[in-house]
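# Fold and geometry: a report
If you want the building blocks of each chain, they are given just below.
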Amino acid sequence: MYNQKQLRVVFMGTPDFSVPTLEALIKAGHSIVGVYCQPDKQKGRGKQVQMPPVKVAALNHNLPVFQPVTLRDEQVQAELEALNPDVVVVIAYGKILPPWLIRLPQYGCINVHASILPKYRGAAPIHYAILNGDTKTGVTIMHMDDGLDTGDIIDIVETDILCGETTGQLFERMALLGGETIVPVLTRWVNGEIVATPQDDTMATHTAKITKEMGHIDWSKSAHEIVNLIRGLNPAPGCYTYLDRKRLKVWSGEVVPSDTTHCLIDVHGKHVPIAISATTVPGTIVSKIAGLGVFCGDGNIILLTEVQPENKKRISAIDFINGHQIKEGIVFGDSI
C-alpha cells in the first residue's frame, strides 16, 4: 500500500473523458481547490446552453468551478496563484497552458494523455489509433512542459484495442483507465519514487483535427482501411457514402476473410459465391447476403451491417436492403 499525501489539486478537464479522473482524485481524499473547464456552449438543434460534463461532476461535489475564456489573463493568473495548488492535473482540457502555469505548482502540471507517447501527440489520439489499425494503445501520465504533449513520461499503462472496437467504445475504456491510473501514479510521483523519462522526439507523430470530410468513404482503398475508417469515426463524425445522390451513413462493417474465396454465409449457413468479374469497380454492391457486400479497391469485400439513410434513423443493412429494393451491381458514388 502506497503512502498517500493529501494534495491541493487544481483539476483541468472538460468532456466526459475527464470525469473518471476527477472522480478518482476526489475519492482518494485530495483537496480539489479548483476545477477548470471550457465555458458552457450551445448544443443541439435547439441551441440550448449546456454545461460541460466536468462542470456537472464538480458541482455535484460542491467544488469551485472556473471557466475562463483564456488562461493568458492577469486576473486568471492571480486567481490560480491564490489557489496555491501543489499539483495541476490536466486531462482533455482543450486549452494550452501558459509557461507561468506550468511552473506554478510544486509538483508540476501532470497530463493524462490517451496514447503511448510519443506516438499520437495532439487532440485526437484515440481516433488515430483506430484509424491506423493499431492493436495496442495506452494512457501516458506526463510531466508537462512548454511543448504540445512533449513533456517527460512519468508512467504508461497499456491496453489492447479489441477486435472491431470503435473510437466511442475505446474512449469509454480509456477514460476509466485514466481514472484508475492517476491516483497511484501521482502518489508515487509526489513521494519521489518515479524519475520521469524524456520522450524520443524522433519517434513522435501528431494527430490532425478530425473533420466531417474525413468520413467520405473512398471505395478504391483497401477493405481494412475502410473498416478502420468506419470504426475510427464512430460515433462522430461518422462515415458516409452516396447512393442515388443521397447520403448514406455507414456505422458498422467487417472485412470478408480472403480465404472464403469471396463467399458469404446465408441465413441457412450455406456458402454463397459472389459474382465478381474483371470489370467490377470499387464501391459495387456484390452481395445482399447478411448485409451489404461491397467490393473494395484491394479486391476484398466489406460486409456493411448497419447504415443510416439520409434524414432517417440507423437501421440494419438487411432492413435497408428490404426497404429500398437494393440490387447487386449498384455502385456507391458521389453526390453529383
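The structure presented is a predicted model; accordingly, all values stated were derived computationally and were not measured.

Below, the discussion takes up the pattern of salt bridges. Summed over the entire model, instances satisfying the criterion amount to nine salt bridges. For the salt bridge of aspartate 134 with lysine 119, the shortest nitrogen-to-oxygen distance reads 3.3 Å. One end of the pair, aspartate 134, is in the loop between α5 (125-131) and β9 (136-143); the other, lysine 119, is in the loop between β7 (109-113) and β8 (121-122), with 15 residues separating them in the sequence. Among the residues examined, aspartate 134 registers a relative accessible area of 16% and is labelled buried. The partner of glutamate 306 in a salt bridge is arginine 314, with the nearest N and O atoms 3.3 Å apart. For glutamate 306, a relative accessible area of 25% gives the class partly exposed. A relative accessible area of 39% means that arginine 314 is categorised as partly exposed. Residues joined in a network through salt bridges with shared partners are Lys136, Glu158 and Asp160.

Here we come to the side chain of glutamine 38. As for its position among the elements, glutamine 38 is in the loop between β2 (31-36) and β3 (41-43). Engagement of the side chain of glutamine 38 in a polar contact is seen with the backbone oxygen of glycine 94, the distance being 3.2 Å. Of note is the side chain of glutamine 38, whose polar atom sits 3.2 Å from the side chain of lysine 95. Ignoring sequence-local partners within four residues, the contact set of glutamine 38 consists of Thr14, Pro52, Gln67, Tyr93, Gly94 and Lys95.

Moving on, we come to the pairing of strand β13 (residues 246-255). As defined by bridge partners, strand β12 (residues 239-243) adjoins β13 across five bridges and the pair is classed as antiparallel. Across the sheet, threonine 241 pairs through a bridge with leucine 248, a residue of β13. Connecting β12 to the next strand, β13, in antiparallel fashion are two residues, including aspartate 244 with a positive phi near 55°.

Time to look at the UniProt feature "binding site: (6S)-5,6,7,8-tetrahydrofolate" (unreviewed entry) in the protein. In the numbering used here, UniProt assigns the feature "binding site: (6S)-5,6,7,8-tetrahydrofolate" (unreviewed entry) to Ser115, Ile116, Leu117 and Pro118. With respect to the helices, strands and loops of the structure, serine 115 is situated in the loop between β7 and β8. Note on serine 115: relative accessible area 0%, which makes it buried. Contacts of serine 115, omitting those with residues within four sequence positions, involve Tyr120, Pro125, Thr137, Gly138, Val139, Thr140 and Met174. The residue isoleucine 116 is located in the loop between β7 and β8 in this model. Filtering out sequence-adjacent residues up to four positions away, isoleucine 116 remains in contact with Lys136, Thr137, Gly138, Thr140, Ile156 and Glu158.

Reading the values: rules and limits
- Residues numbered from 1 in each chain as written.
- Predicted model: local features only at pLDDT ≥ 70, side-chain atom pairs only at ≥ 80, totals over all residues.
- Heavy atoms only, no water.
- Salt bridge = Lys/Arg side-chain N within 4 Å of Asp/Glu carboxyl O.
- Helix = DSSP H or I, 4+ residues; strand = E, 2+ residues; numbered from the N terminus.
- Buried < 20%, exposed > 50% of the residue type's maximum accessible area, 1.4 Å probe, protein only.
- Polar contact = N/O pair within 3.5 Å; in protein donor to acceptor, adjacent residues only side chain to side chain.
- Contact = heavy atoms within 4.5 Å.
- Pairing = 2+ DSSP bridges.
- UniProt positions renumbered as here; feature names shortened; annotations may be inferred.

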